[in-house]
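# Structural description and commentary
Spelled out, the chains give:
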Amino acid sequence: MEMARLCAWVLVGLALAGCGAAPSGGEAGGGDVAAAAVAADPAFVAAQEAWRAERRADLRRPDGWASLVGLHWIELPAHYVGSGPTAGIRLAKGPERMGLLQQQRGQVFFTPEADARLTVDGEPAQGRFELFPESSPTPTVIGFDDGRGLVTLIERGGRKALRVKHAEAETLVRMGELDYWPADPSWRIQARFVPHPPGRTIQIVDILGQQEAQPNPGVVEFERDGVPYRLEALEGEDGGLFLVFADRTSGHESYAAGRYLSTAAPAAEGSVVVDFNRAYNPPCVFSDFATCPLPPAENRLDLAVTAGEKRYARP
């Protein structure tokens, strides 16, 4: 059922990306040749290049998204964890026998093996301890392989899983270059944020087919070539907005399941800058072990957003 739902979402994205062969006023460049010909200011281009360099550096961190090596759902009351053949949760890297994972009344506990040389939040692991999920104020981080490997607990759709990262992950060590459309100031758009009533949520499906209600503070309205568009916003960092969208490039020049975009906090009167030059690929582009949210139906734009990060091909 989950896979069927995921396939349906991706097919919708592909259909939208491929609809209509002839340019329309809603497509980038469809009726605004002058905008496409505007030479980008050197300072604007330099700022975009700096953002791209920071983006790549963030991905290439030893604990960045490209370092994911496992996502293990916790299905039983107890699992032995390790890289050995007898482990119930078998890790791609790490000690053969890491320890015992247990679920009790909604809590998760871990008892390390004496010779596993684990750390808990940077300190040597000693005895049984509770694993707090990443959504908690103090998430627990288990370190192994002298800190090169990390284990955290995540919760998705009422289920719990161990997320495992390693500094020697193939997807990180062999990570290729990121490709972008040329920096274009016409895609840095002055938009308007229209708040929803407090407490409103929107159903978001992730790449695994799991559905969860997310806070939906409002909608972002903008125009391109005189055509109005809307994007439902999720909560971002520091009062900003997080936009998950698909467009006519999805499945062609850009990733089929859509892209992400973050904004600063809207101004008091509702103005907000949406810079599509900084649209970026979700983590599941770089790893099979991410749980990426997909665009809601409202955020599938009948518009070719020829800005930001293009498709990535894993080496």
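Our structure is the block above this text.
A brief look at the structure comes next. Residue positions are counted from 1 within each chain, in the order its sequence is given. Per-residue local features are limited, in this predicted model, to residues with pLDDT of at least 70; the limit for side-chain atom pairs, both in listing and counting, is 80 or more; totals at the level of whole chains, interfaces and linings are taken over all residues. To obtain the side-chain values, all non-hydrogen atoms of the structure were used and water was disregarded.

Take the packing of aromatic side chains next. Aromatic pairs are defined between Phe, Tyr and Trp rings, using the six-membered ring for Trp, whenever the two ring centres lie within 6.5 Å; interplanar angles under 30 degrees are classed as stacked, those over 60 as edge-to-face, and all others as tilted. Scanning the entire structure with this criterion turns up 9 aromatic pairs. Residues Phe286 and Tyr312 carry aromatic rings whose centres are separated by 4.8 Å and whose planes lie at 45° to one another, so their mutual orientation is tilted. You can see Phe286 sitting in the segment after strand S19 (271–275) and its partner Tyr312 sitting in the segment after S19, a full 26 residues away along the chain. We classify Tyr312 as buried; its relative accessible area is 14%. Site record: aromatic cluster; members linked through ring pairs are Trp187, Phe222, Tyr229, Phe245 and Phe276. In this scheme, Lys NZ or Arg CZ marks a charge over a ring once it lies within 6 Å of the ring centre and within 35 degrees of the ring normal. One Lys or Arg, Arg159, reaches over the ring of Trp73 and ends 4.2 Å from the middle of that ring. Numbered from the N terminus, helices here are DSSP runs of H or I no shorter than four residues, and strands are runs of E no shorter than two. Exposure categories follow from relative accessible area, calculated using a 1.4 Å probe and restricted to protein chains: below 20% of the type maximum is buried, above 50% is exposed, and the middle band is partly exposed.

The pairing criterion for strands is at least two bridges between them, as found by DSSP. Here we have 6 strands laid out as an open sheet, ordered S18-S17-S16-S15-S12-S19, and antiparallel in their pairing. Both outer strands of the open sheet, strand S18 (259–263) and S19, are each paired with one neighbouring strand and no more. The mean angle between the axes of side-by-side strands here comes to 40°, regardless of whether they run parallel or antiparallel. As judged from the 2 bridges shared by strand S16 (residues 227–235) and strand S17 (residues 241–245), these two strands associate in the antiparallel manner. In the sheet register, Leu234 faces S17, and the bridge partner there is Phe242. Between the N-to-C directions of two axes lies an angle of 0 to 180 degrees, each axis being a line fitted to C-alpha atoms and, for a helix, fitted only over the stretch in contact.

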